[in-house]
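For reference, the chains in residue letters:
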Amino acid sequence: MRKISVFAMIFLLAVTLTGCDALQRKFTRKKKETKPIPRLYQLKKYDVKPSAALYSKHYAYWQSWMSELIQDLGDNHKKDVRCIDEALSQLHDMRNILVQEKADALTKHIRRIEKSREIIIKEGLSQYNKNQVLMTLEREDRIVKSEFTVSRIKNDIKESFDETP
């Protein structure tokens, strides 16, 4: 009996001295370290000015979106909406680069294309609407390609974006 009590005393003493802390740490979840968000520093401030090259870029994008819209009109509603939105976006950017007179001339064509956009989005394309929209888009495509090419516009580009279109 004495051996058992001595053994129990030694066991209790060992448990008391060592404790359960190591065991508890082993089964406790460790907090994940959060990495700080990297900061981006602008090394150089870019000063973009209207130029023939910038106009040419927007003109090429507009041409691409418009030709895709005319070619695939009516096949996929979401694609039609995306194409006409992108084409209008490029036309707006082209207008912002031009002097007031040419910008006003381009605005008329933008409004006609926006009316076609409303038909595509709200009414959907029936055979009649599709033909009407297609003729309008082809006509505006021809006019913009003939009157607003880069070679014809190079003298009508603004000096800076501060000027109102």
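Things to note about the pattern of salt bridges
Using the criterion set out here, one finds seven salt bridges in the structure. For D72, the salt bridge identified is with K79, shortest N-O distance 3.0 Å. K79 gets classed as partly exposed once you look at its relative accessible area, which sits at 32%. The shortest N-O distance in the salt bridge between R117 and D85 comes to 2.4 Å. You can see R117 sitting in helix α5 (residues 100–123) and its partner D85 sitting in helix α4 (residues 77–97), a full 32 residues away along the chain. Look at D85 and you get partly exposed, because its relative accessible area is 29%. When salt bridges that share partners are traced, they join E68, D72 and K79 into one network.

So, the packing of aromatic side chains
Taken as a whole and assessed by the stated rule, the structure comprises two aromatic pairs. Pairing Y55 with Y59 gives two aromatic rings, centres 6.4 Å apart and planes at 20°, and the pair type is stacked. Linking Y55 with Y59, this pair stays in helix α3 (residues 52–72), spanning four residues, or about one helical turn. For Y59, a relative accessible area of 9% translates into the label buried.

Here we look at the packing of α3 against helix α6 (residues 127–147)
Helix-helix packing: each pair is described by the crossing angle between the helix axes and the interaxial distance. Their axes nearest at 10 Å, the elements α3 and α6 cross at an angle of 155°. Taken together, the axes of α3 and α6 are roughly antiparallel relative to one another. Where α3 crosses over α6, the handedness of that crossing is left-handed. Packed against α3, whose contacting residues are Y59, W62, Q63, M66, L69 and I70, the element α6 presents L134, L137, E138, D141, V144 and K145 at the interface.

Remarks on the environment of S151
Relative to the elements of secondary structure, S151 occurs in helix α7 (residues 150–153). The exposed category is assigned to S151, whose relative accessible area is 53%. Taking the C-alpha atoms as reference points, S151 and S56, separated by 95 residues in sequence, lie 9.3 Å from one another.

Here's the deal with the side chain of D80
For D80, the location among the structural elements is in helix α4. Among buried Asp, Glu, Lys and Arg side chains, D80 stands out as unpaired, with K79 the closest opposite charge at 7.2 Å. Within the structure, the side chain of D80 is placed 2.9 Å from the backbone nitrogen of G74, a separation counted as a polar contact. Setting aside residues up to four positions removed in sequence, D80 forms contacts with L69, D72, L73, G74, D75, I120 and L125.

Scoring rules and cut-offs
Residues numbered from 1 in each chain as written. Predicted model: local features only at pLDDT ≥ 70, side-chain atom pairs only at ≥ 80, totals over all residues. Heavy atoms only, no water. Salt bridge = Lys/Arg side-chain N within 4 Å of Asp/Glu carboxyl O. Buried < 20%, exposed > 50% of the residue type's maximum accessible area, 1.4 Å probe, protein only. Helix = DSSP H or I, 4+ residues; strand = E, 2+ residues; numbered from the N terminus. Phe/Tyr/Trp six-rings, centres within 6.5 Å; stacked < 30°, edge-to-face > 60°. Axes fitted to C-alpha atoms, helices over the stretch in contact; angles between N-to-C directions. Parallel < 35°, antiparallel > 145°, perpendicular 65-115°, else oblique. Left-handed = near helix turned anticlockwise from the far one by under 90°. Contact = heavy atoms within 4.5 Å. Lys, Arg positive; Asp, Glu negative; His and termini not counted. Polar contact = N/O pair within 3.5 Å; in protein donor to acceptor, adjacent residues only side chain to side chain.

Nothing here speaks to function; it is all geometry.
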